[in-house]
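# Observations on the model geometry
Below, each chain spelled out in residue letters.
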Amino acid sequence: MEKVLFICASPRKNGNTAQVLSKCAETIEKHGLKTEIIYLRNKNIESCHACGKCAKIKKCKIDDGLNEIIDKIRDSKGFIVGTPVYFGTARGDLMAALQRIGFVSMNTDKFLSWKVGGPIAIARRGGQTSTIQELLMFYLINDMIVPGSTYWNMVFGREKGDAVKDEEGMQTIRNFGKNVAKLITKIV
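Residue numbers restart at each chain and count upward from 1, following the sequence in its written direction. In view of the model being predicted, local features appear only for residues whose pLDDT reaches at least 70, and side-chain atom pairs are presented and counted only at 80 or more, with totals across whole chains, interfaces and linings using the full set of residues. Neither water nor hydrogens contribute to the side-chain values; these are computed over all heavy atoms in the structure.

In this section: the layout of surface pockets. Cavity and pocket criteria rest on a 1 Å grid covering protein atoms alone: a 1.4 Å probe that fits but cannot get out defines a cavity, protein on both sides within 12 Å along at least 5 of 7 lines defines an open pocket, and an atom within 4 Å of a point defines a lining residue. Grid points are joined across faces, edges and corners, and a volume is the space filled by probe spheres set on the points. Computed from the structure, the largest pocket encloses a volume of approximately 320 Å³. If you go around the largest pocket, you meet 17 residues; those closest to its centre are Val85, Tyr86, Ala123, Arg124 and Gly157. Elements that contribute at least two residues to the lining of the largest pocket include exactly α1 (16-30) and β4 (116-123). Of the residues belonging to the lining of the largest pocket, the class tally is 6 nonpolar, 7 polar and 4 charged. Taken as a whole, the second largest pocket holds about 180 Å³ of empty space. Each helix corresponds to a stretch of at least 4 residues labelled H or I by DSSP, and each strand to a stretch of at least 2 residues labelled E; elements are numbered beginning at the N terminus. Secondary-structure elements contributing two or more residues to the lining of the second largest pocket are α4 (92-107) and α5 (128-141). Looking at the lining of the second largest pocket residue by residue, the classes come out as 7 nonpolar, 3 polar and no charged. Any residue that is not Ala, Val, Leu, Ile, Met, Phe, Trp, Tyr, Cys, Pro, Asp, Glu, Lys or Arg is counted as polar, Gly included; the first ten are nonpolar and the last four charged.

It is worth spelling out the side chain of Asn67 at this point. Mapped onto the elements of the fold, Asn67 is located in helix α3 (residues 66-74). Residue exposure (1.4 Å probe, protein chains only): buried if accessible area is under 20% of the type maximum, exposed if over 50%, otherwise partly exposed. Looking at Asn67, the relative accessible area reads 13%, which means it is buried. We call two residues contacting when some pair of their heavy atoms lies within 4.5 Å. With near-sequence residues (within four places) excluded, Asn67 lies in contact with Lys59, Cys60 and Ile62.

So, about the side chain of Thr35. Inspection of the secondary structure puts Thr35 in strand β2 (residues 34-39). Here the side chain of Thr35 touches Glu29 through a polar contact of 2.4 Å, side chain to side chain. Apart from the residues within four sequence positions on either side, Thr35 is in contact with Lys3, Val4, Phe6, Ala25, Ile28 and Glu29. In the analysis that follows, any N or O atom pair within 3.5 Å is treated as a polar contact, provided that within protein one partner can donate a hydrogen and the other can accept it, and provided that, for residues neighboring in sequence, both atoms belong to side chains.

Right, here's the structure in full:
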């Protein structure tokens with residue numbers, strides 16, 4: 001069975017980002033795919049050292065757990081990231097992870113190419129659009145496929161549980177999950 005891997009960049013256990021990603025995963029599973037959510041909280045993901053060693057050793061030289069995540073991405077057909085928005089941007093640890101994942105992919109077997117997925121951004125009032133644009137740069141430069149939805153993949157909420165009450169936002173996320181699953185089943 002094909003799998004979609006999620007990365008949750010929220011530092012809060014069971015916070016809005018985790019709840020939204022769980023609902024997206026439920027939708028994908030209803031369409032016959034497996035899902036797994038990896039949480040970056042309690043991980044210390046370093047920024048890329050720009051050493052170029054990944055081209056020779058076929059993985060990142062930094063030993064902070066990201067290579068295990070990369071192995072899971074390699075084994076997945078889909079890849080979705082979710083982040084809370086702080087000051088109009090994605091969390092730094094997510095960007096550090098994505099930059100290193102991208103460098104390893106580009107310098108090895110281009111394992112990200114043709115993976116289906118996209119970003120999801122959650123915020124109290126604003127900044128989701130700029131965050132989604134920032135994250136789309138990762139998807140598009142890595143030859144990935146990003147299906148659309150009925151709106152941009154953004155949800156509003158501040159306190160735990162607020163985001164899943166955003167009916168329009170959650171409908172967008174469910175539709176995105178459905179489109180990810182349908183597209184994966186068509187191209188596999």
